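# A look at the structure
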Amino acid sequence: MNLLQSFADLLFPPKCSLCGVTVSHADALCADCYLKYKSETEETCPACGNMAVKCVCGCFAQTPLLCLAFYKGYRSDSNRISERLVYRLKRKYDKRLTEFFARDLAYRIMLYVNEHDLDKNEFVLTYPPRSEKSLAKYGFDHAEKLTKQVSRYTGMKLIHTMKHIGGDEQKMLDREGRTENISASLLPRKNITLAEKSVFLIDDIVTTGATMNRAAELIHNMGARCVIAVSVFRTLPQTRR
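Basis of the calculations
Residues numbered from 1 in each chain as written. Predicted model: local features only at pLDDT ≥ 70, side-chain atom pairs only at ≥ 80, totals over all residues. Heavy atoms only, no water. Axes fitted to C-alpha atoms, helices over the stretch in contact; angles between N-to-C directions. Helix = DSSP H or I, 4+ residues; strand = E, 2+ residues; numbered from the N terminus. Parallel < 35°, antiparallel > 145°, perpendicular 65-115°, else oblique. Left-handed = near helix turned anticlockwise from the far one by under 90°. Contact = heavy atoms within 4.5 Å. Nonpolar A, V, L, I, M, F, W, Y, C, P; charged D, E, K, R; others polar. Core = buried A, V, L, I, M, F, W, Y, C linked by side-chain atoms within 4.5 Å. Buried < 20%, exposed > 50% of the residue type's maximum accessible area, 1.4 Å probe, protein only. Expected span 1.5 Å × (residues − 1). Polar contact = N/O pair within 3.5 Å; in protein donor to acceptor, adjacent residues only side chain to side chain. Pairing = 2+ DSSP bridges. Salt bridge = Lys/Arg side-chain N within 4 Å of Asp/Glu carboxyl O.

### Quick look at the packing of helix H3 (residues 81-91) against helix H4 (residues 95-115)
Close contact between H3 and H4 brings their axes to 10 Å; oriented N to C, the two are set at 120°. Of the possible angle classes, the one that applies to H3 and H4 is oblique. Relative to H4, the crossing made by H3 is left-handed. Here H3 contributes Leu-85, Arg-88 and Leu-89 to the contact with H4, which in turn contributes Leu-97, Thr-98 and Phe-101. Residue composition of the contact of H3 with H4, by class: 4 nonpolar, 1 polar and 1 charged.

And the structure:
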């Protein structure tokens, strides 16, 4: 930490992203909130009995999924850390919280590469961009911010492969409606080729899988060898609509 940052922390001490307790500059969560979050990452899937990091209950036709924790739906009165974290991640840019999740995702990505004896240099990163409406409303693209940090930690190149034009908010639609909506609004950028590349496709949360499936389809059409979806959260299998 440099002198300027130390001085800034004295004037404006960093706070826990959830409860507001003062934390160190390197931390996004206080000790209590962190322990609650870690306990939620250990919750198991009712279908396969595995934690989220090893859950085999896929919602994709084309790609496996790596994620950190299960999501059970946001309620303002919820005591679950995961729901409050994803709500904050989407609605207010929090650099320390983004870095917190990016470090965990980068670790999972590198673990996957090493366990499968893959060449890190054959991989690139991309993400499904936020819709124009949401970008105008919140002022930032949370998936882009997250992927940039993962790129920094892994050394893998970030490529902007898609654009999100028009369409309705996915959260307002049922499964069929989400698939139709995202197919019409998530489109490839021009002159992008991913020939001979493998791709980690990064987002904050997977609900029905409609966005990730559409994004994976576009990436395959760009010539990618394989696509591996990566997200912080995924909904429990029986809660998907």
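Anyway, onward from the coordinates.
### Looking at the nonpolar core
Judged by nonpolar contacts, the single largest core of 37 residues is most densely connected at Leu-29, Tyr-37, Leu-85, Phe-101, Phe-200 and Phe-233. Put simply, the parts of the chain that give this core at least two residues each are helix H2 (31-41), strand S1 (65-71), H3, H4, strand S2 (123-126), helix H6 (142-154), strand S6 (198-206) and strand S7 (226-235). The dominant element in this core, judged by the number of residues it contributes, is H4, at 9 residues. Leave out the neighbours within four places in its chain, and Phe-101 touches Tyr-37, Leu-68, Leu-85, Leu-89, Leu-146, Val-232 and Phe-233. Counting 20 residues, the second largest nonpolar core, distinct from the first, contains Met-162, Met-212, Leu-218 and Ala-229.

### Looking at H4
With 21 residues, H4 extends 30 Å from end C-alpha to end C-alpha; this agrees with the ideal 30 Å at 1.5 Å per step. Of the residues making up H4, those classed as buried are Arg-96, Leu-97, Thr-98, Glu-99, Phe-100, Phe-101, Ala-102, Leu-105, Ala-106, Ile-109, Tyr-112 and Val-113. Its side-chain oxygen at 3.3 Å from the backbone nitrogen of Arg-96, Asp-94 defines the N-terminal cap of H4. At the C-terminal side of H4, Asp-117 shows a positive phi close to 55°.

### Looking at the sheet that holds strand S3 (residues 157-158)
In spatial order, the strands read S1-S7-S6-S2-S3; together these 5 strands make up an open sheet with parallel pairing. Both outer strands of the open sheet, S1 and S3, are each paired with one neighbouring strand and no more. In the sheet, S6 pairs with S7 via 8 bridges, with the strands oriented parallel. Residue pairing in the sheet places Ile-205 in a bridge with Phe-233 of S7.

### Topic: the pattern of salt bridges
Enumeration over the complete set of coordinates arrives at 12 salt bridges. Arg-225 is paired through a salt bridge with Glu-196; the nearest N and O atoms lie 2.9 Å apart. Here Arg-225 is found in the loop between helix H8 (210-221) and S7, whereas its partner Glu-196 is found in the loop between strand S5 (186-188) and S6, with 29 residues between them in sequence. Of the charged contacts, one joins Arg-214 and Glu-217 as a salt bridge, the two residues approaching to 3.2 Å between their closest N and O atoms. Of this pair, Arg-214 and Glu-217 both sit in helix H8, 3 residues apart, roughly one helical turn. For Glu-217, a relative accessible area of 33% puts it in the partly exposed group.

### Some remarks on unusual backbone geometry
Within the chain, Asp-117 stands out as a residue other than glycine whose phi angle is a positive 55°. Looking at the secondary structure, you find Asp-117 in the loop between H4 and S2. With relative accessibility at 72%, the residue Asp-117 sits in the exposed group. At Glu-196, a position not held by glycine, the phi torsion is positive, near 70°.

### Some thoughts on the environment of Cys-48
Assignment of secondary structure puts Cys-48 in the loop between H2 and S1. Sequence-wise, Cys-48 and Pro-237 are 189 residues apart; in three dimensions their C-alpha atoms are separated by 9.7 Å. Setting aside anything within four residues of it in sequence, one finds Cys-48 in contact with Cys-55, Val-56 and Cys-57.

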